[in-house]
Amino acid sequence: GGISVEDVDQSADEAALIGRIRSGESHLYGRLVDRYQRRLWWSCLRMLGDPDEAEDVVQESFVRAWEKLDGFDTRQRFYTWLFTIARNRCLNALRRRKTWGFRSLSGDDPPPLRARESAGAGAEDRELARALAECLETLTADQRDVFDLRHGEDFRYAEIAAVLEISQGTVMSRLHRARERMRSCLEGKGQRP
């Protein structure tokens, strides 16, 4: 993905904001919370399938980011760094769930699908959403992670590499395989990707 002028402006603006927070204007941290809280909650909801659990992870992640703000490298986007903290917490929550045999109370449908159904989406939309969810299940965990960060989170290759701690080349090859698999799966279900 290319870097737009807005991205550069926002990064500079954010670096300046974080500089001010670090030098004592702690009340400004609320701006970062306001800017990213909703987006992070949706990301956590996609991973966990539980709105309350997602809310807890978001709160914990902002607290953790606040505690570690001095170590943040302002050359990266704050959201990417924050997302990495939240993602690790989500993975820990999912591991705990497996260990204790907990199941999500919200059933097996992915949250966006349920949300769209309740919003009275058309039958074709529901069918496509269901096909997408089923096809995502055919990806390996590694492919799904990369696919979700690229298409769900709109992260750049370098950011995906940083979050998953793999090389950009690995990101590109996993993404290529994931897209191929998604395309053939959707075509097999009579959906045009």
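Just above, that's the structure.
Residues numbered from 1 in each chain as written. Predicted model: local features only at pLDDT ≥ 70, side-chain atom pairs only at ≥ 80, totals over all residues. Heavy atoms only, no water.

### Some details on the overall build of the chain
Across its full length, the chain holds nine helices and zero strands. Ordered by position from N to C terminus, the α and β elements of the chain give α-α-α-α-α-α-α-α-α. When the 193 residues of the chain are sorted by exposure, 35% land in the buried category. For the chain, long-range pairs separated by at least 24 residues make up 62% of all intrachain contacts whose partners lie at least 6 apart in sequence. Surface summary for the chain: the accessible area is close to 11500 Å², and the carbon and sulfur share equals 49%. (Helix = DSSP H or I, 4+ residues; strand = E, 2+ residues; numbered from the N terminus. Buried < 20%, exposed > 50% of the residue type's maximum accessible area, 1.4 Å probe, protein only. Contact = heavy atoms within 4.5 Å. Areas by Shrake-Rupley, 256 points an atom, 1.4 Å probe, with all protein chains shown as cover.)

### Quick look at the environment of Asp142
Inspection of the secondary structure puts Asp142 in helix α7 (residues 141–152). With 29 residues separating them along the chain, Asp142 and Val171 place their C-alpha atoms 9.4 Å apart.

### With respect to the state of the cysteines
For the structure on display, the rule yields one disulfide. Residue Cys135 pairs covalently with Cys185 via a disulfide, S to S 2.1 Å. Judged by the torsion about the S-S bond (-85°), the Cys135/Cys185 disulfide is left-handed. You can see Cys135 sitting in helix α6 (residues 123–137) and its partner Cys185 sitting in helix α9 (residues 168–188), a full 50 residues away along the chain. Using a relative accessible area of 0% as the deciding quantity, one classes Cys135 as buried. Overall, Cys185 belongs to the buried group, its relative accessible area being 16%. No disulfide involves Cys44; its sulfur sits 3.7 Å from that of Cys90, the nearest cysteine. Taking relative accessible area as the criterion, Cys44 reaches 0% and is therefore assigned buried. (Disulfide = S-S within 2.5 Å.)

By themselves, these observations are geometric and do not establish any function.
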